[in-house]
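What follows is the residue order along each chain.
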Amino acid sequence: MPLALPRRAFAGLALLPLFGCAAPPAQAQRGALLALPDFADLAERVLPAVVSISVTSEARGEIPPELRGTPFERYFRDRLRSRGQQVMGAGSGFVIDPSGLLVTNNHVIGNASRVQVTFQNGQEYAASLVGMDELTDLALLRIEARSPLPALGWGSSAALRVGNWVLAAGNPFGLGGSITSGIVSARGREIGAGPFDDFIQTDAPINPGNSGGPLFNTAGEVIGINTAIYSPSGASAGIGFAVPSDLARGVIDQLRSSGRVERGWLGVSVQDADSAEPGGLRRGAAAAGGVLVAGVERGSPASRAGLRQGDQVLAINGGAVDTSRALVRGIAAVAPGQTVRLTILRNGRPMELPVQVGRRPAQPQG
């Protein structure tokens, strides 16, 4: 099920005239209706590669926290079937390789002791875990397919524009084989999920059980993985979030090759230049942009390279850095052991600083 964000985080279509306004000409109405998209061919093409995922995990004696206090708590409490110390849960996923590799959310798998995958044609497979990444909430599964499977291709989330049509597919409320449509409402959303927040926001209905399912563009390419919703009730309120494909693809490639994700690390605490306290900010620093180094961890890659508190990082390998999150994500994308060139501003003077990136430990800032 999608992660439901707390309040603090933030059938048919009829064209009707505005109240008190004359109806548009019949010809204009017909033209508007004819312009509406039809997704039937797209749905028929992509749904065979979308799966329902059921998991068996250790019971903890309580409903998932994101559903407590919502109208769906009793619904899910009744539907979860206890078997001694086991409970059942459900989510979605999709095939990315005909040999049997599937993508889903990490929170769908959780501490599962058994994972079952069901296709649209009713075929069922036991799945094994290839690897998972908590920081981006992604997981990769493998099944032993009896024949080549229908698979989906990645699209570029960077090409998305606000207002583009998108479709979400998956297993809402355990119903399986469902597809909904909407638009891209926003890009680059930060919802407090972690240091790599960069979500696509959509109004395509996403509900509990949709987690791990694909978000498509109109070419049938996966441009996101449905992960979270904002909803006071626990069901779709028209605000859903998907991990962008450009982020997910690199994570999945690492899980596929090694079963884990290794990220680069500098060992600094940072803050946006324009958000720093005026008393601690040099004159002109905010205007220069970039990211201020608030602290350098002793013995870290940054310390060994000579980066200092008060330095202002402007670019990584020539690519401009304008926010602390951009710096963290940019360094994380570098393989540990590689050297990057930081463009920094020190005491008002620009300089280049080579840094050999380290391996990101469990919970660092940058």
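From a predicted model like this one, the values you see are computed outputs, not experimental measurements. Residue numbering note: each chain is counted from 1, following its sequence as written. The predicted nature of this model means local features are confined to residues of pLDDT at least 70 and side-chain atom pairs, given and counted, to a pLDDT of 80 or more, with totals for whole chains, interfaces and linings taken over all residues. Only hydrogens and water are set aside when side-chain values are computed; all heavy atoms of the structure are taken into account.

The number of helices and strands found in the protein chain is eight helices and 21 strands. In the protein chain, buried positions account for 44% of the 366 residues. Residue-level accessible areas treat just the shown protein chains as cover; the underlying method is Shrake-Rupley with a 1.4 Å probe. With the model as given, the accessible surface of the protein chain reaches about 18200 Å², and the carbon-plus-sulfur share is 50%. Each helix corresponds to a stretch of at least 4 residues labelled H or I by DSSP, and each strand to a stretch of at least 2 residues labelled E; elements are numbered beginning at the N terminus. Note on exposure labels: buried denotes an accessible area under 20% of the residue type's maximum, exposed denotes more than 50%, and partly exposed covers the range between, all computed with a 1.4 Å probe on protein chains only.

Turning next to the side chain of D97. With respect to the helices and strands, D97 occurs in strand β3 (residues 86-97). We classify D97 as buried; its relative accessible area is 15%. In protein, a polar contact means a hydrogen-donor-capable atom and an acceptor-capable atom, both N or O and within 3.5 Å, with residues adjacent in sequence counting only if both atoms are side-chain atoms; elsewhere, any N or O pair within 3.5 Å suffices. Separated by 2.6 Å, the side chains of D97 and S99 make a polar contact.

Pairing of aromatic side chains requires ring centres within 6.5 Å, counting the rings of Phe and Tyr and the six-membered ring of Trp. Pairs whose planes differ by under 30 degrees are stacked, by over 60 edge-to-face, and all others tilted. The final tally for this structure, using the stated rule, is four aromatic pairs. Ring plane angle 65° and centroid distance 5.5 Å describe the contact between F39 and W165, whose orientation is recorded as edge-to-face. On the criterion of sequence distance, the pair formed by F39 in the loop between α1 (26-34) and α2 (40-46) and W165 in strand β8 (residues 165-170) is long-range, its members being 126 residues apart. In this structure F39 comes out as buried when scored by relative accessible area, which is 17%. With a centroid separation of 6.2 Å and 70° between ring planes, the pair formed by F199 and F241 is classed as edge-to-face.

Here four bridges tie strand β5 (residues 112-118) to strand β6 (residues 124-133), and the two strands are oriented antiparallel to one another. For T118, the partnering residue across the bridge sits in β6 and is E124. Counted along the chain from β5 to the antiparallel partner β6, the turn is five residues long, and its residue G122 has a positive phi close to 90°. Here, a strand pair is defined by DSSP locating no fewer than two bridges between the strands.

Here we come to the pairing of strand β4 (residues 101-104). Alternating residues of β4 divide into L101 and V103 and L102 and T104, and every residue in both groups is buried. In this structure, β4 lies alongside strand β7 (residues 138-143), joined through four bridges in antiparallel fashion. When the bridges of β7 are listed, T104 appears paired with A139.

Time to look at the environment of N217. Here N217 lies in the loop between β11 (214-216) and β12 (222-230). Residue classification places N217 among the buried residues on the basis of a relative accessible area of 14%. In this structure the C-alpha to C-alpha distance between N217 and L42, which are 175 residues apart in sequence, comes to 9.7 Å. Note on definitions: a residue-residue contact is assigned when non-hydrogen atoms from the two residues lie within 4.5 Å. Those residues in contact with N217, other than ones at most four positions away along the chain, are L42, W165 and I223. At 2.9 Å, the side chain of N217 and the side chain of E221 are in polar contact.

Phi at F173 takes a positive value of approximately 55°, unusual for a residue other than glycine. Turning to its location among the elements, F173 is positioned in the loop between β8 and β9 (178-189). Phi at N347 takes a positive value of approximately 55°, unusual for a residue other than glycine. Tracing the sequence through the fold places N347 in the loop between β19 (339-346) and β20 (349-356).

The term salt bridge refers to a pairing of a side-chain nitrogen on Lys or Arg with a carboxyl oxygen on Asp or Glu at a separation within 4 Å. Under the definition given, this model contains seven salt bridges. The salt bridge partner of E262 is R359, with a shortest N-O separation of 3.2 Å. On the criterion of sequence distance, the pair formed by E262 in the loop between α5 (245-258) and β14 (264-265) and R359 in strand β21 (residues 358-359) is long-range, its members being 97 residues apart. Here E352 makes a salt bridge to R341, at a shortest N to O gap of 2.9 Å.

Glancing now at α5. Given 3.6 residues per helical turn, the α-helix brings residues three or four places apart onto the same face. How far a helix is expected to stretch is found by multiplying one less than its residue total by 1.5 Å. Across its 14 residues, α5 extends 20 Å between first and last C-alpha, which sits within 8% of the 20 Å expected from 1.5 Å per residue. Of all the positions in α5, only S245, A248, V251, I252 and L255 are classed as buried. Buried residues along α5 cover an arc of 130° about the axis, so they all sit on one side. Here the arc refers to the directions that run from the helix axis out to each C-beta atom.

What follows covers helix α8 (residues 324-332). Where α8 is concerned, the buried positions are S324, L327, V328, I331 and A332. Down the axis, α8 shows its buried residues gathered within 125° of arc, on one side only.

On to the side chain of Q116. Among the secondary structure elements, Q116 is positioned in strand β5. A distance of 3.2 Å separates polar atoms of two side chains, one belonging to Q116 and the other to E124. Here Q116 is in contact with S52, I53, S54, E124, Y125 and A126, once residues within four sequence places are set aside.

Of the residues in the protein chain, 77% have a pLDDT of 70 or more, and the chain-wide mean is 82. Summary of the metric used: pLDDT quantifies the predictor's per-residue confidence within the range 0 to 100. Across the protein chain, the secondary-structure element scoring lowest on mean pLDDT is helix α6 (residues 285-288), at 52, and the one scoring highest is β4, at 98. In this model residues 6-23 is a low-confidence stretch, pLDDT under 50, and it forms 15 contacts with partners more than four residues away in sequence or in other chains. Long-range and interchain partners of residues 81-85, a stretch whose pLDDT sits below 50, account for seven contacts in this model, where long-range means more than four residues apart.

With that settled, the discussion passes to the environment of T339. With respect to the secondary-structure elements, T339 resides in strand β19. Here T339 falls in the exposed class, since its relative accessible area comes to 52%. Excluding residues within four positions of it along the chain, T339 makes contact with P354, V355 and Q356.

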